[in-house]
Amino acid sequence: MKRQHLRLTTEREITYACFLAPALILYIITVIVPFFQGIPYSFTNWNLISNASNNVGFKNYAILFGSKEFWTAVGNTFQFTGLYVVFSNLIGLGVALLLQRSSKLNNVCRTMIFMPYVISLVTAAFVWRYIYSAVYSPLFNVPSPLGVKNQAMLGIAIISVWRTSGYCMLIYIAGLQGVPQEYYEAASVEGASAIQKFFKITVPMLIPSFSANVSLLLAWGLKVFEVVRATTNGGPTRNATTTMSMFIYNNIFANSKAGYGQAAAIIMTAILLIVSFMVSKFFRSREVY
Amino acid sequence: MVSNTKLPASGATFFNYTRRKHLANLLRAVCVVLVTLLFISPLYISLIYSLKTPQEMGTSAPLSLPSSFYLGNYSDVVVKNDLFRTGFTNSLISTLCIVAVLTVITPMACYVLARSNRKVYAAAYYIFMTGILIPFQCIMFPEYINLKAVGLINTLQGYIIVRAGFQIGICIMIITNFVKTVPVELEEAANIDGASVFRTFWRIVFPLLKPINVTMLVINTLNAWNDYAVSVAILQSEDKRTLPLAQLVYTSETGVDVNLAFAFFSLCIIPVLLLYLFTQKYIVGGIMSGAVKG
């Protein structure tokens, strides 16, 4: 009996190991190992053409910290992320409040408003680019925002906001439906105004939704790549809209300064981790239950 | 509620009250419709532009409906545009492979991670979760070097492996959470009846995971079909381009036929929109359980 039990446990353990192995191995090969490879690469002057490289120590990082181009890219990324996170959430919340109740009309409208989210960013960017130049521009007799230095980032942000607001809306609708109706009734009995109810009940109860949306959109915003590449490709003037991801891509593949680009990628990862950590800490301290 | 506390006294004011309420509802409905129209207007514009002839462009107002249902732009893109055809085929093949791989290997792994208490598996779970935080830009260059070393750079196989691998972390997180909510009793019963773990999983657990598997299937399909960041680093030759990469021909606005461009875009949009409309329930469910990441 004992022997049979042992046989069964071994069999079980072997099957478990075989079940886990494909996913774990693929993950380690494609994500974990490259991550650790990337760190030493960032200390070399590797270029894509010759496979030889020398260790240059912290030189890449030193150049990066003194590089105006890199900090412009970081600044652009944060400018985009700010616009993107704030407006996606405001519009998402506004639409969620409008469509909060379930009715036939509201459900159809939710479906439509979420639609842009499933389209690829590249396609969305191209569609908008032509809308700016072929529809918006002649209609209002102004140049496309993507061609104007100070408006280009806003133009790009509008595309991304259009695509993500529906996503925020869904999260907020779920949050709003989770607020117990009795809270509002009690507040009404006490004579609270609609605005008071919104700020004293709705907003605090929505903290988990805010937290989910803001942290996810921050991560997306800081990684922004394809919209910029498909619309301005860093232009209209030099580096006007280059973002961190584009800076990294351009250095690794176009400028053939892979070690340098990899160092920038490591810094970008650090920025991402720090920002996400701070945001989750900020929201955790404000949760009500 | 307000209506209970301030119950109107006379019939006249009551009538006013319901009328006001009706008006407010009407106003709300109008707002809802306007906002929705604003959101779908870019899609509307791409559709009408793709249905207009180049001659019509000059004569009619930009936002007017096309005078006839002209499909010439679409047939031009499908028949004459090699970029579209290779892009579509490549996207289709790679998406199918990525989704198939993920659908088989991730639920298996999640089953182990959810059911076993051993420290090794807890460590494995930790590895998966940490990896989610890594942005693709950080592993893009090492990935390129590795694929080049094994001769898979510029191949769909290489892209499929990397894209599927990069997606594993989030699938593991979502599906493991789901497996933990599935009652163990059924498996225990099967176990007592002498079924092996392998059999138990595929015969009993896997069918129970259907809702989450379908959700992840749809989300993975969207991610793979729409991917740009991974494919742009790996697939660099023209004949290997996926649809999002093929669209890069439109980066120069001069000399491009706008109607053809919009027909191309519409053809990229239509498959995902159809998928979305048919599987909306699952996509929304997936989003609620946090199944998306950048």
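Residues numbered from 1 in each chain as written. Chains lettered and ligands numbered in written order. Predicted model: local features only at pLDDT ≥ 70, side-chain atom pairs only at ≥ 80, totals over all residues. Heavy atoms only, no water.

**Student:** An account of the overall build of chain B is needed here, citing residue identities and associated values.
**Tutor:** If you tally the helices and strands in chain B, you get 14 helices and 0 strands. In chain B, the succession of helices and strands from N to C terminus is α-α-α-α-α-α-α-α-α-α-α-α-α-α. Expressed as a percentage of its 294 residues, the buried residues of chain B come to 48%. Partitioning the intrachain contacts of chain B with sequence separation of at least 6 by distance along the chain shows that 72% fall at a separation of at least 24. Of the roughly 13900 Å² that chain B leaves accessible, carbon and sulfur atoms contribute 68%. (Helix = DSSP H or I, 4+ residues; strand = E, 2+ residues; numbered from the N terminus. Buried < 20%, exposed > 50% of the residue type's maximum accessible area, 1.4 Å probe, protein only. Contact = heavy atoms within 4.5 Å. Areas by Shrake-Rupley, 256 points an atom, 1.4 Å probe, with all protein chains shown as cover.)

**Student:** Please give an account of the overall build of chain A that cites residues and values.
**Tutor:** Regarding its fold elements, chain A presents 12 helices and 0 strands. When its helices and strands are written in sequence order, chain A yields α-α-α-α-α-α-α-α-α-α-α-α. Computed over the C-alpha atoms, the radius of gyration of chain A is 25 Å, more than 25% above the 19 Å expected from 2.2 N^0.38 for a compact globule of 289 residues. By its C-alpha atoms, chain A is 85 × 75 × 35 Å across when sized along the principal axes. (Rg over C-alpha atoms; globule rule 2.2 N^0.38 Å.)

**Student:** I'd like to hear about the domain arrangement of chain B, residue by residue, with values.
**Tutor:** All names here are of chain B. Each assigned domain of chain B is listed here: domain 1 (14-57) and domain 2 (72-292). Once you take the C-alpha centre of each, domain 1 and domain 2 turn out to be 35 Å apart. On the domain 2 side, the residues contacting the 10 residues of domain 1 number 9 residues. For the pair domain 1 and domain 2, the summed buried area comes to about 740 Å², and 64% of that belongs to carbon and sulfur atoms. If you sort the residues of domain 1 by the area they bury against domain 2, Ser46, Tyr49 and Ser50 come out on top, with a joint share of 53%. Counting every contact that joins domain 1 to domain 2 gives 0 salt bridges. Ranked by the residues each element gives to the side of domain 1 that touches domain 2, the list is headed by helix α2 (residues 11-50), at 5 residues. When the residues that make up the side of domain 1 that touches domain 2 are grouped by side-chain class, the tally is 6 nonpolar, 3 polar and 1 charged. (Domains from an automatic or database assignment. Buried area = accessible area lost by both parts, 1.4 Å probe. Salt bridge = Lys/Arg side-chain N within 4 Å of Asp/Glu carboxyl O. Nonpolar A, V, L, I, M, F, W, Y, C, P; charged D, E, K, R; others polar.)

**Student:** Please provide a residue-by-residue account of the interface of chain A and chain B, values included.
**Tutor:** Counting from both sides, the interface comprises 83 residues of chain A and, opposite them, 92 residues of chain B. Roughly 8100 Å² of surface becomes buried between chain A and chain B when both sides are summed, with 75% attributable to carbon and sulfur atoms. Contact with chain B buries area across many residues of chain A, yet Phe19(A), Tyr27(A) and Tyr130(A) alone supply 10% of it, more than any other trio. Remark: the boundary between chain A and chain B carries 1 salt bridge. Between Glu13(A) and Arg118(B) there is a salt bridge whose closest N-O contact spans 3.6 Å. Scanning the region where chain A abuts chain B turns up 14 residue pairs in polar contact (both at pLDDT 80 or more). Among the elements that line the side of chain A that touches chain B, the one with the most residues is helix α1 (residues 2-41) of chain A, at 23 residues. (Polar contact = N/O pair within 3.5 Å; in protein donor to acceptor, adjacent residues only side chain to side chain.)

**Student:** Can you break down helix α8 (residues 194-205) of chain A residue by residue, with the values?
**Tutor:** All names here are of chain A. For α8, which comprises 12 residues, the first-to-last C-alpha distance of 15 Å matches the rise-based estimate of 16 Å (1.5 Å per residue) to within 8%. What α8 keeps buried is the set Lys197, Ile201, Thr202 and Met205. One side of α8 carries all its buried residues, which in axial view fall inside an arc of 85°. Facing away from the buried surface of α8 by more than 90 degrees, the exposed residues are Ile195, Phe199 and Lys200. (Expected span 1.5 Å × (residues − 1). Arc of directions from axis to C-beta.)

**Student:** Describe the nonpolar core, naming the residues involved and giving the relevant values.
**Tutor:** The nonpolar side chains of a soluble globular protein tend to be buried with one another. Of all hydrophobic cores here, the largest spans 180 residues; its most connected members are Phe114(A), Tyr167(A), Phe128(B) and Ile168(B). Counting residues per element, this core draws most heavily on helix α6 (residues 152-177) of chain A, at 14 residues. When near neighbours in sequence (up to four residues on either side) are disregarded, Phe114(A) contacts Gly166(A), Tyr167(A), Leu170(A), Tyr276(B), Ile283(B) and Ile287(B). With 5 residues, the next largest nonpolar core counts Val179(A), Tyr184(A), Ala187(A) and Met205(A) among its residues. (Core = buried A, V, L, I, M, F, W, Y, C linked by side-chain atoms within 4.5 Å.)

**Student:** Please set out the packing of α8(A) against helix α9 (residues 207-222) of chain A residue by residue, giving values where relevant.
**Tutor:** All names here are of chain A. Two elements in contact, α8 and α9, have axes separated by 4 Å at closest approach and are oriented at 50°. Between α8 and α9, the angle is such that the two are oblique. Between α8 and α9, the residues in contact are Val203, Pro204 and Met205 and Ile207, Pro208 and Phe210, respectively. Looking at the contact of α8 with α9, its residues break down into 6 nonpolar, no polar and no charged. (Axes fitted to C-alpha atoms, helices over the stretch in contact; angles between N-to-C directions. Parallel < 35°, antiparallel > 145°, perpendicular 65-115°, else oblique.)

**Student:** How would you sum up the domain arrangement of chain A? Please name residues and give values.
**Tutor:** Parsing chain A into structural domains produces domain 1 (1-30) and domain 2 (59-284). On a C-alpha basis, the centroid separation for the pair domain 1 of chain A and domain 2 of chain A is 43 Å.

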